[in-house]
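# Working through the structure, step by step
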Amino acid sequence: MLARPLGVSPDSLETGSELGDNARRELRLADAELRLRLEGSAPAEVTGLLSEAQNAGDEASTVRAEIVLGLAASARGDHATAIDYLERAITSERVTPASRPDVFATLGHAYSFVGDPRRAADLFERCLTDLKQLAPDDSASRVRFSTYLSYALTDLGNLRRANEVVEDALELSSEAADPYTRVRLYWSLGRIAYEQSQPQTALEHFRRAVALLEATEDTIHLARAYLSCAAAALASTGDLEDVARQVDHAVSLLGPRPADSDLAIVRWLQAMLATRNGSPADGAALAREARELAADAPNQHALATWALAEALTAAGDAGAEPAWRDATAALQKVGTVREHAESLRGYARFLRAANRESEALDILDRAAGLAGTPATDAASAER
């Protein structure tokens, strides 16, 4: 009765605040999410806010706290924890690919990081289906999830379907002409070309993505694009100076505290460079550091093990063969078809150098027999 003529809420008369408990929680969670996005970490109080919201039956704040904790876990490289929180969050009707695309993108990327691209592909397929129903005019979001789906399909070796998805996205791209849309499309085309053993074509697409990102000044994504360029250049041109320049650009953009997943890729590329520049001891040290950084990212860990095998081979170290066995076995499980095939060919070269011709031929047969791996590649490796 007093609140009505005064034009204030009953809560404000009782507590001295215009905000009720639920609104105060929401305010603190919004502040935590902004801090996470701007500073890269969320305050420790978010876990307490989650418990408080659950006890109060405050579904909106519960979901928001789960999202903040999931995004924070992803940012620090704890992808298993990110999956746990974000899977719970997306069960809410409040969280859809249209309302919170970042949540679904982060969850899908976490699936890929833990070596499960099939779950990532299934999630992104679902997102596209939902977007067609919930936001049929949101072309930008549909292109975004189409490119994410193409990444997951490429990791699975399903290049035909990945191409179809990108072609569909290209048809939509004229309606969604923002630079990030074009970047994602070029990145998708580059990844597909790379897996099709066309590293020069991949490099051209990655360079277009870099040019667009330079215009947008998105430093983290630009750094990752430089790393993609470096990997493609390593496989195509073999110009080690160019690769080193790309890596240096990425390092400067990542800043003083890069995420472990980004730094693992940097160290992997630096390990490959060191070995090919005639410093296998440095290459082995960098590869071991990459493995430690990628402890929670199976694919990156496998690539780092491959780099370690290359370095130990160049150094004549007895640990080379176990490293080759570990790398090829791991890439069979979590690598792309191209990565697995190339690692097998590297292992075969190691066996040949040790005069173990019969074993080398068996390994080359496995490489040639992989789906999507041209037999001529294996033949050229034999020569």
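In this report, the structure presented in the accompanying data block is examined. (Residues numbered from 1 in each chain as written. Predicted model: local features only at pLDDT ≥ 70, side-chain atom pairs only at ≥ 80, totals over all residues. Heavy atoms only, no water.)

### Some details on the packing of aromatic side chains
Overall, the coordinates contain 6 aromatic pairs when judged by the stated rule. For the pair F124 and Y148, a centre-to-centre distance of 5.5 Å together with 40° between the ring planes defines the contact as tilted. Of this pair, F124 sits in helix α8 (residues 117-134) while Y148 sits in helix α9 (residues 139-156), and the two are 24 residues apart along the sequence. Each of the two residues, F124 as well as Y148, counts as buried. (Phe/Tyr/Trp six-rings, centres within 6.5 Å; stacked < 30°, edge-to-face > 60°. Helix = DSSP H or I, 4+ residues; strand = E, 2+ residues; numbered from the N terminus. Buried < 20%, exposed > 50% of the residue type's maximum accessible area, 1.4 Å probe, protein only.)

### Digging into the packing of helix α7 (residues 101-113) against α8
It is at 7 Å that the axes of α7 and α8 come closest, and there the two elements cross at 160°. Comparing their axes, α8 and α7 come out roughly antiparallel. Both α7 and α8 take part in a crossing whose hand is left-handed. Across from F104, A105, L107, G108, H109, Y111 and S112 in α7, the residues of α8 making contact are P117, R119, A120, L123, F124, R126 and C127. Partitioning the contact of α7 with α8 into residue classes produces 9 nonpolar, 3 polar and 2 charged. (Axes fitted to C-alpha atoms, helices over the stretch in contact; angles between N-to-C directions. Parallel < 35°, antiparallel > 145°, perpendicular 65-115°, else oblique. Left-handed = near helix turned anticlockwise from the far one by under 90°. Contact = heavy atoms within 4.5 Å. Nonpolar A, V, L, I, M, F, W, Y, C, P; charged D, E, K, R; others polar.)

### Some remarks on helix α16 (residues 280-293)
Under the 1.5 Å per step criterion, the end-to-end length of α16 is 20 Å for 14 residues, consistent within 8% with the ideal 20 Å. Taken as a whole, α16 has its buried residues at P280, G283, A284, L286, A287 and A290. For α16, the angular spread of buried residues about the axis comes to 170°, placing them on one side. Opposite its buried face, α16 presents the exposed residues A281 and E292, each directed more than 90 degrees away. Contact partners of the buried residues in α16: α15 (260-276) and α17 (298-315). (Expected span 1.5 Å × (residues − 1). Arc of directions from axis to C-beta.)

### Some details on the nonpolar core
Formed by 100 residues in total, the largest nonpolar core has its most connected members in L123, F145 and L269. Ranked by residues supplied to this core, first place goes to helix α13 (residues 219-236) with 11 residues. Dropping the residues within four chain positions of it, L269 is found in contact with L227, A230, A231, L234 and V247. (Core = buried A, V, L, I, M, F, W, Y, C linked by side-chain atoms within 4.5 Å.)

So, to be careful, I would describe these as geometric facts and stop short of saying anything about function.
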